[in-house]
Amino acid sequence: MKFEKEIRNEILKVSYTKEDLIKEKYLVSKEGKIEIYYAPFDYINLNASIIIVGITPGWSQMEKSFKTVIKELKENNDFSLALKKVKSECSFAGSMRNNLIKMLDDLELDKKLNIKSTSELFEIENSFLHSTSIIKYPVFNNGKNYTGSAPSPLKSEILWKQIEKLFIPEISEFKGKLIIPLGKSVSEILLKIQSENKLNGNFILNGFPHPSGANGHRAKQFETNKESMKETIKEWKVKN
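Residues numbered from 1 in each chain as written. Predicted model: local features only at pLDDT ≥ 70, side-chain atom pairs only at ≥ 80, totals over all residues. Heavy atoms only, no water.

Asker: Can you help me understand the packing of helix H7 (residues 157-171) against helix H8 (residues 184-195) in this one?
Answerer: The description of two packed helices rests on the angle between their axes and on the distance between the axes. Where H7 contacts H8, the axes come no closer than 13 Å and their chain directions differ by 70 degrees. Put simply, H7 runs roughly perpendicular to H8. H7 and H8 meet at a crossing whose hand is right-handed. Only Ile189, Leu190, Lys192 and Ile193 of H8 make contact with H7, whose side of the interface consists of Trp160, Ile163, Phe167 and Ile168. (Axes fitted to C-alpha atoms, helices over the stretch in contact; angles between N-to-C directions. Helix = DSSP H or I, 4+ residues; strand = E, 2+ residues; numbered from the N terminus. Parallel < 35°, antiparallel > 145°, perpendicular 65-115°, else oblique. Left-handed = near helix turned anticlockwise from the far one by under 90°. Contact = heavy atoms within 4.5 Å.)

Below, the structure is given as structure tokens:
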């Protein structure tokens, strides 16, 4: 693992600042004001039936991922287990996760999967879920969290290269799975990949809103697309 040595050398702290982690040794790529930094989001759950896809991890996810992996390494010294813990602890954490669960339960995905609630997807023992991002590692535009637009990944060479290099090979590990895109930008990119026959027969739950509390159109968008999304879930066959 490329950054394992650097991470093992980090000191365990209660919290980390941008000065601690956003530095040259973790820089993956740079173009103009756009910078991409490594964060330990490498674990892939190949047994998953559901794949939730965000645009890219933000700073708070990056900080939490480093804190989680460093703590785990100090306790059990197993890098692969530490990466697995990162996915469970840090993927769509906080109010975003609560909003996700509410919408997925409302779509009756829990019944489709024969579980009590989609909250079970986020438990570390559960093998139903793989969470990932279109751009795997955190992207900062002029030092701020990249939100998926300005520039669009479809029009940015540095961002599209990351998608081709990391996301497309990752999604090709799965076939016939249900992909839940968080927001319009992610949906557009997935549809482009699908149009190029690179989505490997996976289903897209089109119309799913971004679960962030900052998305004021979330409820309206969900209600508008609710029936078509329920239909997609009905058509999709669960395969493990």
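Asker: Quick question: what am I supposed to make of the sheet that holds strand S7 (residues 178-181) here?
Answerer: Strand pairs in the sheet, formed through backbone hydrogen bonds, run parallel or antiparallel to each other. Pairing within the open sheet is parallel, and its four strands lie in the order S4-S3-S7-S8. Of all the strands in the sheet, just strand S4 (129-133) and strand S8 (203-204) have a single pairing partner and so form its edges. Relative to S4, strand S3 (residues 50-54) runs parallel, the two sharing five bridges. For Val53, the partnering residue across the bridge sits in S4 and is Thr132. (Pairing = 2+ DSSP bridges.)

Asker: So what exactly am I meant to see when it comes to the side chain of Gln61 here?
Answerer: Note on placement: Gln61 falls in helix H3 (residues 59-76). Within polar-contact distance, the side chain of Gln61 engages the backbone oxygen of Cys90 at 3.3 Å. Apart from residues no more than four positions distant in its own chain, Gln61 is found in contact with Phe41, Thr56, Cys90, Ser91 and Phe92. (Polar contact = N/O pair within 3.5 Å; in protein donor to acceptor, adjacent residues only side chain to side chain.)

Asker: What's the story with the pairing of strand S2 (residues 34-37) in this structure? I'm lost.
Answerer: In regular strands, side chains alternate between the two faces of the sheet. Alternating positions in S2 separate into two faces, Ile34 and Ile36 on one and Glu35 and Tyr37 on the other, with burial throughout. Here strand S1 (residues 27-31) runs beside S2; their pairing, made up of four bridges, is antiparallel. Bridge pairing links Ser29 to Ile36 in S2. As consecutive antiparallel partners, S1 and S2 are separated by two residues, and within that stretch Gly32 has a phi angle of approximately 60 degrees, a positive value. Here three bridges tie S2 to strand S5 (residues 139-141), and the two strands are oriented antiparallel to one another. Bridging across to S5, Ile34 finds its partner in Asn141. (Buried < 20%, exposed > 50% of the residue type's maximum accessible area, 1.4 Å probe, protein only.)

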